[in-house]
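# Examination of the molecular architecture
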Amino acid sequence: MEATATPSTQEEVKPGTAKVTVAEVTLRKFEVSDVDAMMAWASDPQVAAPCRWDAYESTEPLLAFIRDVVLPHPWFRAICLESGRPVGAVSVSPTGDPCRAELGYVLARAHWGRGVATAAVKRTVATVFAEVQRLERVEALVDVANPASQRVLEKAGFTREAVLRKYSAVKGIVRDMVMFSFIDTDPVPE
């Protein structure tokens, strides 16, 4: 999963698709049975565009990803709304330093611009420090060309630290990335 994968441009909130609150968004561990729900957004080229991975074309490789990567991962959660069906994913991945981890998230296009990603990131930082031993810092790298994902992190209380020039190759293109961080003493915004 890409470090922070949300749209590079926000769609307008459509009539009848109100903003959500943090209380309406839940995080849970993925199950193999979530493959069809995950396929709904993982197969969308617009969702995959800012990610390091390409849109999935069939469920078999996605099922292998769930089995081989998601399920054994120490902190990989489904982003769910009222139905309990995953509409995205959020992960906190270990780095070489036990006090740091990297945040990644991805969300179905139907839920862009509704506050779902922000609520999921807030829930993540509200719980992950208690769940991951010795963790003191969560970092996120976002493409400079992805202002929507940068706003998600800012609204979730992350601090923008720096622009890292020519930092990461995404789908063969070397990109400038913005580094964000949230430390264990930062307050989680309401």
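Residues numbered from 1 in each chain as written. Predicted model: local features only at pLDDT ≥ 70, side-chain atom pairs only at ≥ 80, totals over all residues. Heavy atoms only, no water.

We now examine the nonpolar core. If you look at the biggest cluster of nonpolar residues, it comprises 53 residues, and the most contacted ones within it are L62, L103, L153 and F158. At 8 residues, helix α4 (residues 116–131) tops the list of elements feeding residues into this core. (Core = buried A, V, L, I, M, F, W, Y, C linked by side-chain atoms within 4.5 Å. Buried < 20%, exposed > 50% of the residue type's maximum accessible area, 1.4 Å probe, protein only. Helix = DSSP H or I, 4+ residues; strand = E, 2+ residues; numbered from the N terminus.)

Pairing is possible between side chains that carry opposite charge, provided their charged atoms lie close to one another. What the rule picks out here adds up to 8 salt bridges. Taking the shortest distance from any N to any O, the salt bridge between E131 and R77 comes out at 3.5 Å. Taken together, the positions of E131 in helix α4 and R77 in strand β2 (residues 76–80) put the pair 54 residues apart, joining distant regions of the chain. Look at the salt bridges and you will find they share partners, linking R100, R137, E139 and E161 into a network. (Salt bridge = Lys/Arg side-chain N within 4 Å of Asp/Glu carboxyl O.)

Structurally, R28 is set in strand β1 (residues 26–29). Judged by relative accessible area, which is 24%, R28 ranks as partly exposed. R28 sits 52 residues away from C80 along the chain, and the two C-alpha atoms are 7.6 Å apart. Among residues more than four places away in sequence, those in contact with R28 are D34, F76, R77, A78, C80, G84 and P86. Separated by 2.9 Å, the side chains of R28 and D34 make a polar contact. (Contact = heavy atoms within 4.5 Å. Polar contact = N/O pair within 3.5 Å; in protein donor to acceptor, adjacent residues only side chain to side chain.)

For the rest of this paragraph, the subject is the packing of α4 against helix α5 (residues 147–155). Where α4 contacts α5, the two axes come as close as 9 Å, and the packing angle between them is 45°. In terms of axis orientation, α4 runs oblique to α5. Crossing of α4 over α5 shows right-handed handedness. Here α4 contributes A117, T118, V121 and K122 to the contact with α5, which in turn contributes V152, L153 and K155. Split into classes, the residues belonging to the contact of α4 with α5 amount to 4 nonpolar, 1 polar and 2 charged. (Axes fitted to C-alpha atoms, helices over the stretch in contact; angles between N-to-C directions. Parallel < 35°, antiparallel > 145°, perpendicular 65-115°, else oblique. Left-handed = near helix turned anticlockwise from the far one by under 90°. Nonpolar A, V, L, I, M, F, W, Y, C, P; charged D, E, K, R; others polar.)

On to the UniProt feature "domain: N-acetyltransferase" (unreviewed entry) in the protein chain. The UniProt record marks residues 25–184 with the feature "domain: N-acetyltransferase" (unreviewed entry), using the residue numbering of this structure. End-to-end, the C-alpha atoms of residues 25–184 are 22 Å apart, and along that stretch the chain is 31% helix and 35% strand. (UniProt positions renumbered as here; feature names shortened; annotations may be inferred.)

Once that is clear, we can look at the side chain of T124. Residue placement: T124 occurs in helix α4. By relative accessible area, which is 0% here, T124 ends up buried.

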